[in-house]
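# Per-entry structural report
Here is how the chains run, residue by residue.
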Amino acid sequence: MAFEIAIAEEIWTAKYRFRPAEGEGDESFDATAARVARAVAEAEAPELRQAWRGRFEEAIRDFRFIPAGRILAGAGTERSVTLFNCFVMGTVPDSLSGIFEHLREAAVTMQQGGGVGMDFSTVRPSGAPVIGVGAEASGPLTFMDCWDAMCRTVISAGQRRGAMMGCLRIDHPDIEAFIDSKRDSKRFRNFNISVLVTDAFMAALGSDSDWPLVFEGRTYRTIRARELWERLMRATYDCAEPGVIFVDRVNAENNLAYCETISASNPCGEQMLPPYGACLLGSINLARLVERPFEPRAALDEADLAQLTRTAVRLLDNVIDISRYPLAQQEAEARAKRRIGLGITGLADALLFCGAAYGGREAVALTQRWLDTIKREAYRASAELAAEKGAFPLYDPVILDRPNLQDLDEETRALIAAHGLRNGCLTSIAPTGTTSLLAGNVSSGIEPVFAYSYDRRIRQPDGSTRTERVEDYAMKVWRQLKGDAPPPTELFVSAQTLKPADHLTMQAAAQRAVDSSISKTVNCPEDIPFEEFADIYVEGYHLGCKGLTTYRPNAITGSILSTAKEEPPKPAEPPLAARNEALHGTTYKLKWPDSAHAVYVTINDIGEGHERRPFEIFINSRNMEHYSWTVALTRMISAVFRRSSDVAFVADELKAVFDPRGGAWMGGRYVPSLLAAIGEVIEKHLKPLMEPEPELPLPGTGASVSEAAPRPACPQCGAPALIKVEGCNNCLECGYSKCG
């Protein structure tokens, strides 16, 4: 199948195309679909493989069902990677040796391609006595710094750096420091963080009661619940984190509560998992299933949706049997419960095709109808698989009494009662930022459309750039069918025009039909009053959501995207002018513990005021052991400085360098190498040169997208084009996607 937009082919080539050093690889996406289908069908009985291989391939090839990226990239390649996207690590022990063993396990998991979540509530608080050594504990946040440093060094399956979720209970004595941690824009850059909020806390909040901060039965101090909640919401208002997980609701509604307890989620929050829990993901593309789009009789083909759901459940169940696992504990957990996460993408586009505005009453009704169909057919398919292949090993008939199964129709419940279930949990709605682009830029997951069109720069082999207009899938179909007729603004709503209540209404409507959780971001305008913003999480709790994330443009994370009038493409950036006879610069002294002599870093700038930019760098030391690499680094970085105005990525790349001999603690932080320390110097020097530009107007339907402020920039391509969707950073320039 041919790609509908150029960016889709680029993403396929960079992330999912199999190109071995020797032998044949994927010549087209059809070949990728065939490779994945062939690998997954190997889990079938020999006499069934050919038939199921054909059905799997058909579903994948036309993007009606999109397996998650790990499956697309790894299935059938024989690479030593996992096909599972997300994991929650084991319970972190409150001992130094145990903590660092779990750090190792997280590193191994990320190395094979899995994002990880951890609950740090089991680590004693800062200042607590460490019996036997006469010392005081440093607390969970300092150990999170170790995870953060490790994550910077581990490239996930050769494509993306690892993503992590860090969780802490709202009654932990260090909760206030945890809540405020993201106010430091340099701390926990590889973490999403979420507070585990209990029902007891929400009751204390409602009654304006005091709230005890407790660890292992000892109350360290007491604080007013409303004071703590305001602190959490102020941090979220100012820097978009922490999110919240309503952990008691998660456990109360978990299908498997009879055999597990959940205290953390994967990095994007769509999978609440027990210790060593793993889940693989895939999404049904609703936008491909609507017949007669934008016509009065437009409707989603529910028979097709039902059949596709059954195929998808079988495919994902097979992946459990063919995947590698980073750790033996993860394999045991996955095989014992056979959890899968079947979700959707293209919801907002499908609603547009049916004439329903996202967030409206009709959109809510259609969303519930479609997701109810998926839920019913997924449970039926799993029961039929149990009859054919056996129920999951920890199946217990008590599962029929769990909340998610009580509202199933009698026919489905009877099928489960007769045969059991093949899968302990079945549905989830995950981020689909990159795979939704692969499918023609359909709307992502359950999110509204962020921008209906935008301009994307594409770098050519000769270093020049060209500009390509990227349109949302529904907008493209509108233009094909309606020509130049303007799209109705009351229908073509976007993340920029919706109210927070619209986001919450859609998330709550979907949650009722999803047995795990949902990855979604409630996008808020920058000028939303704090009093209105502070009610979002409370309202989400009362609506039945399991977890919530918000994003508001702010001074710490930056104003992400806004729209502006269309401008002609800019020509390729010329090299900087020749060096002036005298330049102004700054010299920084670095004392690295492993070196007898200091390292001096000098950065000289060219230009004045807002035009000032770095021109060259010199790295010197009396330690001759450093001579060759410092000269090479000086020349390479200076060449970059002279040929580009967008050089923030230099610091990011250096900061990710890991020294296998070990790093050092500098200024209360762990720095993984001397090169990383040099990267921090460059970042410090660049910061005052990166003053934000005036904010541009908010988006309108069909407008092109440009950056309101020069930050945040994409760490992969350097372009200022990151958006926050479903708790993940996605680049509109190069397709980079990262949760964390």
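By convention here, each chain's residues receive numbers from 1 onward along its written sequence. A pLDDT threshold of at least 70 governs which residues receive local features in this predicted model, and a stricter bar of 80 or more applies before side-chain atom pairs are shown or counted, although totals over entire chains, interfaces and linings include all residues. Neither water nor hydrogens contribute to the side-chain values; these are computed over all heavy atoms in the structure.

### A word on the confidence of the model for the chain
Note on scores: pLDDT gives the predictor's confidence for each residue, bounded by 0 and 100. For the chain, the mean per-residue pLDDT works out to 87, and 87% of the residues sit at or above 70. Note on residues 559-577: pLDDT is under 50 here. Beyond four places in sequence and across chains, it has 62 contacts. Here residues 692-711 scores under 50 on pLDDT; set against residues more than four positions off or in separate chains, the count is 70 contacts. Here, two residues are considered to be in contact whenever any of their heavy atoms come within 4.5 Å of each other.

### As for the packing of helix α23 (residues 648-655) against helix α24 (residues 674-686)
Here an axis means a line fitted to C-alpha atoms, over the contact stretch when the element is a helix, while the angle between two N-to-C directions is reported on a 0 to 180 degree scale. Secondary structure is summarised from DSSP: a helix means a run of H or I of at least four residues, a strand means a run of E of at least two, and numbering begins at the N terminus for each. Running from N to C, α23 and α24 cross one another at 155 degrees; their axes reach a closest spacing of 7 Å. One element, α23, and the other, α24, form an angle in the roughly antiparallel class. When you trace α23 past α24, the crossing you get is left-handed. The segment α23 lies against α24, with Ala648, Val650, Ala651, Asp652, Leu654 and Lys655 engaging Leu675, Ala676, Ile678, Gly679, Glu680, Ile682, Glu683 and Leu686. Lys, Arg, Asp and Glu make up the charged group, whereas Ala, Val, Leu, Ile, Met, Phe, Trp, Tyr, Cys and Pro make up the nonpolar group; the residues left over, Gly among them, are polar. In terms of residue class, the contact of α23 with α24 is built from 9 nonpolar, 1 polar and 4 charged. Here is the rule for angles: anything less than 35 degrees is roughly parallel, anything more than 145 is roughly antiparallel, 65 through 115 is roughly perpendicular, and the remaining ranges are oblique. What makes a crossing left-handed is the near helix being turned counterclockwise from the far one by less than a right angle; a clockwise turn instead makes it right-handed.

### Quick word on unusual backbone geometry
Negative phi is the rule for most residues except glycine; trans is the rule for most peptide bonds. At the junction of glutamate 241 and proline 242, the peptide bond is cis and its omega measures out at 10 degrees in the coordinates. Position of proline 242 among the secondary structure elements: in the loop between α9 (225-239) and β12 (243-246). At aspartate 208, a residue that is not glycine, the phi angle is positive and equals roughly 55 degrees. Residue position: aspartate 208 is located in the loop between α8 (199-206) and β10 (210-215). Residue classification places aspartate 208 among the partly exposed positions, given a relative accessible area of 31%. The phi dihedral of arginine 338 falls on the positive side, at around 50 degrees, and the residue is not glycine. Assignment of secondary structure puts arginine 338 in the loop between α12 (328-337) and β18 (340-345). Relative accessibility thresholds used throughout: buried, under 20% of the residue-type maximum; exposed, over 50%; partly exposed, between the two (1.4 Å probe, protein chains only). Residue class for arginine 338 comes out buried when judged on its relative accessible area of 4%.

### Notes on the sheet that holds strand β27 (residues 613-621)
Paired strands, as defined in this entry, are two strands with at least two bridges between them according to DSSP. Ordered by their spatial adjacency, 3 strands build an open sheet running β25-β26-β27, and the pairing between neighbours is antiparallel. This sheet does not close on itself; its edge strands, each paired only once, are β25 (584-590) and β27. Neighbour-to-neighbour, the strand axes of the sheet open up by a mean angle of 20 degrees, direction not taken into account. Here strand β26 (residues 599-606) runs beside β27; their pairing, made up of 8 bridges, is antiparallel. Bridged to asparagine 604 within β27 is glutamate 616. Across the sheet, α24 is in contact with β25, β26 and β27; its angle to β25 comes to roughly 145 degrees.

### Topic: the pattern of salt bridges
Salt bridge criterion: a side-chain nitrogen from Lys or Arg within 4 Å of a carboxyl oxygen from Asp or Glu. A complete count under the given rule lists 45 salt bridges for this structure. Glutamate 377 is the salt-bridge partner of arginine 310, the closest N and O atoms lying 2.9 Å from each other. Here arginine 310 is found in helix α11 (residues 302-322), whereas its partner glutamate 377 is found in helix α14 (residues 361-389), with 67 residues between them in sequence. For glutamate 377, a relative accessible area of 6% puts it in the buried group. Among the ionic pairs, glutamate 384 bridges to arginine 310, the shortest N-O distance being 2.5 Å. Of the two residues, glutamate 384 sits in helix α14 while arginine 310 sits in helix α11, which places them 74 residues apart along the sequence. Put simply, Arg310, Arg376, Glu377, Arg380, Glu384, Asp409 and Glu411 are held in one network by salt bridges that share partners.

### Looking at the side chain of serine 265
Mapping serine 265 onto the fold places it in strand β13 (residues 264-265). According to the relative accessible area criterion, serine 265 is buried, its value standing at 0%. What serine 265 contacts, discounting residues up to four positions off in sequence, is Val88, Gly117, Met165, Cys167, Ile245, Gln271 and Met272.

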